[in-house]
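Letter by letter, the chains look like this.
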Amino acid sequence: GSNLSIEWATVVITPTGANVPTSQRVYFNKTYEKAPIVLPVALSASPGINMKGTSIVGIATAYASLSVTSATTAATTLNFVVIGKAV
């Protein structure tokens, strides 16, 4: 076995202010040998207008900090995929 793992989850982040990057730590279901690949995707009806972007501001073997920037303070749902070699 290669121990390759793919997992996905959803997190809701409420921006602290309009156009203010706001991050939240999310924990993985598994621990990885090294920091895995994490791909965040925002669910938005107005990408580029209200939804300005998503990013990863920190990553470790058991968690990542995901960030969202929005033109509003409305709660934003992020789906994310984690790909890596599990311990």
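Overview of the structure. (Residues numbered from 1 in each chain as written. Predicted model: local features only at pLDDT ≥ 70, side-chain atom pairs only at ≥ 80, totals over all residues. Heavy atoms only, no water.)

**Comments concerning unusual backbone geometry**
Working step 1: The residue Asn3 is not glycine, and still its phi comes out positive at about 60°.
Working step 2: Along the chain, Asn3 falls in the segment before strand 1 (4-13). (Helix = DSSP H or I, 4+ residues; strand = E, 2+ residues; numbered from the N terminus.)

**Regarding the nonpolar core**
Working step 1: Core analysis: the largest hydrophobic core is formed by 13 residues, its most contacted members being Val11, Val38, Leu66 and Phe80.
Working step 2: With residues near it in sequence (within four places) discarded, Val11 still touches Gln24, Val26, Leu66, Thr76, Thr77, Leu78 and Phe80. (Core = buried A, V, L, I, M, F, W, Y, C linked by side-chain atoms within 4.5 Å. Buried < 20%, exposed > 50% of the residue type's maximum accessible area, 1.4 Å probe, protein only. Contact = heavy atoms within 4.5 Å.)

**Points about the sheet that holds strand 4 (residues 51-59)**
Working step 1: Strand order in the open sheet made by the three strands is 2-5-4, with antiparallel pairing throughout. Since the sheet does not close on itself, it has two edges, and those belong to strand 2 (22-27) and strand 4, each with one partner. The sheet shows a mean angle of 25° between the axes of neighbouring strands, taken without regard to direction.
Working step 2: Examined bridge by bridge, strand 2 and strand 5 (residues 63-70) share six bridges and lie antiparallel to one another. Within strand 5, the position partnered with Thr22 by the bridge is Val68. (Pairing = 2+ DSSP bridges. Axes fitted to C-alpha atoms, helices over the stretch in contact; angles between N-to-C directions.)

**Points about the packing of aromatic side chains**
How two aromatic rings sit relative to each other is given by the distance of their centres and the angle of their planes.
Working step 1: Scanning the entire structure with this criterion turns up two aromatic pairs.
Working step 2: Note on Tyr27 and Tyr63: the rings are 5.7 Å apart at their centroids and 55° apart in plane angle, and the pair reads as tilted. With Tyr27 in strand 2 and Tyr63 in strand 5, the pair connects residues that are 36 residues apart, well separated along the chain.
Working step 3: Residue classification places Tyr63 among the partly exposed positions, given a relative accessible area of 25%.
Working step 4: Its guanidinium or amino end placed over the ring of Tyr63, Arg25 lies 3.8 Å from that ring's centre, counting from NZ or CZ. (Phe/Tyr/Trp six-rings, centres within 6.5 Å; stacked < 30°, edge-to-face > 60°. Lys NZ or Arg CZ within 6 Å of the ring centre and 35° of its normal.)

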